[in-house]
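This is what each chain is made of:
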Amino acid sequence: MNRTPSNSLVALEQRSVQLSIYFDIIPSVLCVGKVLSVTKLLVLSFIIKHRFYSGARSYDGHAKAFFLRKATCDASGSFIQFLDETRYFCEAMLLLLESEIVCYGQDGELRLHGGEPSSILVLGKFESRLIKECRNLDDSFVLSEVLRNV
Amino acid sequence: MFELRTLTLNSFDGRSYPYHFERGINYIEGLNNTGKTAFVQFIDFMLGHDDKGIAERPWYCGTLKSAELALADDCRLLELYRSLDGVDYEVCFNGVATDVRTLADYVSEVNSILCQNQRSLMDFWQYVGEELTYRTFTLFSFLEEDHVGQLNCFFGKLHEVRYRVKERQLFDYLFARDVSRILALEKDAKRLTEEKEELAIKAEKNKALSKRIDDELATLGVHMSLEEDDIARIEEVLSSFDITSPERLGGSRGISESTFAAATLADQIRALEAMLSERDMEDAENTKRQRLLARLEELIDEKPEYNELVGPTHSLLEDLEESTSMRDAQVQKEVLERKKKQLNRLRKDLKASESVLNPVDADERFRVATLLSDHIKEYKSCDVRERFEGIQRELTDVRKELRKLRMQIDETKIDTISAAITRRYKAACESSAFVRDDFELDGFGVRYVRNGNLIQPYFHQDDVPINYYTGSRARHALLQLSGYLAFLEMLRTRTDCPSLPLLVIDNISAPFDAENVRGIGDVLRSFYSEDENAEIQVFLFENKAPSELGVNPSVYVKLECEGKTGFNPFYCSGGYGEDE
């Protein structure tokens, strides 16, 4: 007899997939960015996840500047998705903190606990440059760019 | 209050070995590599610590099968049984065994027995937002050797992530100024939220209804709307209408005048719409900011530990609102809102005017009038706008007060803890030269600092307290011991916290020289000189004799003695290397 999965099962499956993705992406971002604020980590994780999984990549590693603006424009129209995924980001962060993969540094910023984790998502040139650019930007500027462009 | 009475170790070949404990100081002496640290960790294991690899440790593997821990007070006996492989558990209370299959059940069962007041526990859970058990309170009961001498974040276990993530809410609760008020507000907020959700459904239904009423009014040519006019006023106007007479419905305006007015209105609408579309971009940005703020608040409300994580982002978003550009946008938004209302009004007027220009026939008007009358009745029966707005305002006020109260620390409690730490530390003056030196400083004292769980010595200079920084690890260890004891005293008096009245300390004497080490005995003597503390058990694991520390223990155990080489009596070869 064919049985279709119940809604709660689908929701659980969806949640575990989303958590796994964030569980991979956050350490990868911190691996490049070394020490990042929660705000930057939230924005970067979402944008990079969006680039990886939605296929929305208008720019590649050849881009020269304004990486954040280009990346947020790429994710344009996904604000509701961004709102929804803050939950998965928070859940993944708690798991990462509890499993001591990520820890708080000075000034409440986040960094990897110990060295590079064994399994890590390999980021492209664009993503690496985007993270490095964000490291030098103000948190409020990063947030404004998301509000304006996503 | 429960106290540890017996720890019985069971071997694979059916032998048993008991360790007996009593009230007061239980002194366990052992040379290096005899399993003192293993013993400390084993007590924690029996109290429910999730130590998955314990069965594989060389000093247990193949020799130690399980253990039993008996806790008792004057009239109750709690027996805990746990096998090292994590398969068998048993909790037996006053001779009645409970079916326990997992570690979570084991902890939960012990917690319900240790809890002195079920109602206070529920309040505590409600305050912290999760079901914290006595396990969390073991952070006040264990000082491991690695953390001896730390004054910053002085509770050793707080260095473990599993405890650190709970630190904020637990210490907020312990030092909250007005817990009962906060709990009452929490209940209010919950009730108001539920009520608001119910009303929101009704309000949504009414919103659809009001749109239909406005349309019907416009069809009849009545220049009124629910947004602008009172429902009673609308009813009054309608009651004087003659439905069959189209001339009266259109008011006093003539047809050409109405045509002109309609054209003017259309122009105004176009102009307003153009204005609106220009503002749309900024509007959208602000809406997004508010939605993100609301989302973060929702997450924090759901799980308070997210506050530490996304709190800075939340504050940042709030600051964005305060920035100049946003304030400007706020003013513009207000103007825009007014213009939108004006636009709405104009559109309705236009529709009403159109119905005058192209009047519907009498039958249709009669039908619309009948429907309108029904809709107005239905609208009146469930008009919740005012109540909804009232609840919304009340909820905002409750949340504001809650946030404010949660930020407040009860300074009296901090002062009591600080005074207790100073008192204990001062007791070591008898034997310790550095403590005597400290108290010779003008106005010397010790203060507990809530942020960072810091023990801060200070002295006074020209009546101004100056923080006193010293590098001596032995001094830090004595201050830390005083800190632990002060917290145990505080927890002893609180029936709302499911804590165990015990303190297990591993090798605290390590940083001391032969003279100053007696300060430990002085501090403990001063602690036990107060009758109320008699029930609290202190377990000292040392490689020195008790007399060297100036301690007079109730129970003295030597780990290496006839027939055994260390903590595990069934383990004969090798040592306890990994942990020592």
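Everything quoted here is computed from the prediction, not taken from an experiment.

Residue and element names in this part refer to chain B. Per-residue pLDDT for chain B has a mean of 83; in total, 85% of the residues score no lower than 70. Per-element confidence in chain B is highest for strand 13 (residues 537-542), whose mean pLDDT is 95, and lowest for helix 8 (residues 246-249), whose mean pLDDT is 44. When the criterion is pLDDT under 50, residues 247-256 qualifies, and its contacts beyond four places in sequence or with other chains add up to 17 contacts.

Ranked by size, the top nonpolar core spans 79 residues in total, and within it Phe140, Phe171 and Phe487 of chain B carry the most contacts. Take this core: its biggest share by element is twelve residues, from helix 16 (residues 473-492) of chain B. Contacts of phenylalanine 487 of chain B, omitting those with residues within four sequence positions, involve Phe140, Phe154, Phe155, Phe171, Phe175, Ile417 and Tyr448 of chain B. Counting 58 residues, the second largest nonpolar core, distinct from the first, contains Val29, Phe82, Leu96 and Leu143 of chain A.

Let us now look at helix 2 (residues 38-54) of chain A. If you check helix 2 of chain A, its first and last C-alpha atoms are 23 Å apart, about what 17 residues at 1.5 Å a residue would give, namely 24 Å. Counting buried positions along helix 2 of chain A yields 14 of 17 residues, so the element is predominantly enclosed.

All names here are of chain B. Inspection of the secondary structure assignment puts histidine 159 in the loop between strand 8 (142-143) and helix 5 (161-174). Using a relative accessible area of 30% as the deciding quantity, one classes histidine 159 as partly exposed. Apart from residues lying up to four places away in sequence, histidine 159 is in contact with His147, Gln150, Asn152, Cys153 and Arg164.

This paragraph deals with the packing of helix 14 (residues 411-427) of chain B against helix 15 (residues 433-440) of chain B. Residues and elements named next belong to chain B. In the contact formed by helix 14 and helix 15, the axes pass within 9 Å of each other and the chain directions differ by 130°. The orientation of helix 14 relative to helix 15 falls into the category oblique. Listed contacts from helix 15 to Thr422, Tyr425 and Lys426 of helix 14 are Phe434, Val435, Asp438 and Phe439.

Okay, the interface of chain A and chain B next. Of the residues lining the interface, 27 residues belong to chain A; the matching set on chain B comes to 21 residues. Carbon and sulfur atoms make up 69% of the surface buried where chain A meets chain B, a total of about 2,400 Å² over both sides. Sorting the residues of chain A by area buried against chain B places Arg87, Leu94 and Leu147 of chain A first, and these three jointly supply 25% of that buried surface. Remark: the boundary between chain A and chain B carries two salt bridges.

Right, let's get into the environment of serine 144 of chain A. Mapped onto the elements, serine 144 of chain A comes out in helix 6 (residues 139-149). A polar contact is formed between the side chain of serine 144 of chain A and the backbone oxygen of serine 140 of chain A, at a distance of 2.6 Å.

Glancing now at the sheet that holds strand 10 (residues 454-461) of chain B. All names here are of chain B. Strand order in the open sheet formed by three strands is 9-10-11, with antiparallel pairing between adjacent strands. For this open sheet the edge positions go to strand 9 (445-449) and strand 11 (464-467), each flanked by a neighbour on one side alone. Neighbouring strand axes in the sheet, compared pairwise and without regard to direction, differ in orientation by 45° on average. Examined bridge by bridge, strand 10 and strand 11 share four bridges and lie antiparallel to one another. Each bridged residue has a counterpart across the sheet, and for histidine 460 the counterpart in strand 11 is proline 465. Strand contacts of helix 16: strand 9 and strand 10, with the helix running at about 110° to strand 10, the strand carrying the most contacts.

What follows concerns the packing of aromatic side chains. Aromatic ring pairs are described here by two measures, namely the spacing of the ring centres and the angle between the planes. All names here are of chain B. Considering all chains together, one arrives at 42 aromatic pairs over all chains under this definition. Every member of this aromatic cluster is reached through a ring pair, and the members are Phe124, Tyr127, Phe137, Phe140, Phe154, Phe155, Phe171, Tyr173, Phe175, Tyr448, Tyr484 and Phe487. Looking at arginine 82, its charged tip hangs above the ring of tyrosine 106, at a distance of 5.8 Å from the centre. Positioned above the aromatic ring of phenylalanine 142 is the side chain of lysine 157, whose terminal nitrogen or guanidinium carbon lies 4.6 Å from the ring centre.

Before going further, it helps to spend a moment on helix 5 of chain B. All names here are of chain B. If you check helix 5, its first and last C-alpha atoms are 20 Å apart, about what 14 residues at 1.5 Å a residue would give, namely 20 Å. Taken as a whole, helix 5 carries its principal kink of about 50° at glutamate 167. Listing the buried residues of helix 5 in full gives Val161, Tyr163, Val165, Glu167, Gln169, Leu170, Phe171, Tyr173 and Leu174.

Moving on, we get to the pattern of salt bridges. Applying the stated criterion across every chain yields a total of 40 salt bridges over all chains. Among the charged side chains, a network of salt bridges with common partners joins Glu3, Arg5, Arg23, Asp74 and Glu535 of chain B.

Let us look at the pairing of strand 13 of chain B. Residues and elements named next belong to chain B. Burial analysis of strand 13 places six of its six residues in the buried class, which makes it a mostly covered element. Burial of strand 13 is two-sided: the residues Gln537, Phe539 and Phe541 facing one way and the residues Val538, Leu540 and Glu542 facing the other way are all buried. In the sheet, strand 3 (residues 24-29) pairs with strand 13 via six bridges, with the strands oriented parallel. Across the sheet, isoleucine 25 pairs through a bridge with valine 538, a residue of strand 13. Note that strand 12 (residues 502-506) and strand 13 share five bridges and pair parallel. Note that in strand 13 the partner of isoleucine 505 across the bridge is leucine 540.

What follows concerns a positive patch on the surface. Together, Lys34, Lys64, Lys125, Arg129, Lys132 and Arg135 of chain A line one region of the surface with positive charge. Within the element layout of this structure, lysine 132 of chain A appears in helix 5 (residues 125-135).

How each quantity is defined
- Residues numbered from 1 in each chain as written.
- Chains lettered and ligands numbered in written order.
- Predicted model: local features only at pLDDT ≥ 70, side-chain atom pairs only at ≥ 80, totals over all residues.
- Heavy atoms only, no water.
- pLDDT = per-residue confidence, 0-100.
- Helix = DSSP H or I, 4+ residues; strand = E, 2+ residues; numbered from the N terminus.
- Contact = heavy atoms within 4.5 Å.
- Core = buried A, V, L, I, M, F, W, Y, C linked by side-chain atoms within 4.5 Å.
- Buried < 20%, exposed > 50% of the residue type's maximum accessible area, 1.4 Å probe, protein only.
- Expected span 1.5 Å × (residues − 1).
- Axes fitted to C-alpha atoms, helices over the stretch in contact; angles between N-to-C directions.
- Parallel < 35°, antiparallel > 145°, perpendicular 65-115°, else oblique.
- Buried area = accessible area lost by both parts, 1.4 Å probe.
- Salt bridge = Lys/Arg side-chain N within 4 Å of Asp/Glu carboxyl O.
- Polar contact = N/O pair within 3.5 Å; in protein donor to acceptor, adjacent residues only side chain to side chain.
- Pairing = 2+ DSSP bridges.
- Phe/Tyr/Trp six-rings, centres within 6.5 Å; stacked < 30°, edge-to-face > 60°.
- Lys NZ or Arg CZ within 6 Å of the ring centre and 35° of its normal.
- Bend = angle between axes of the 7 residues up to and from the residue.
- Patch = residues over 30% accessible without salt bridge, like charges linked within 9 Å, V, L, I, M, F, W, Y side chains within 5 Å.
- Areas by Shrake-Rupley, 256 points an atom, 1.4 Å probe, with all protein chains shown as cover.
- Lys, Arg positive; Asp, Glu negative; His and termini not counted.
- Charge placed at Lys NZ, Arg CZ, Asp CG, Glu CD.

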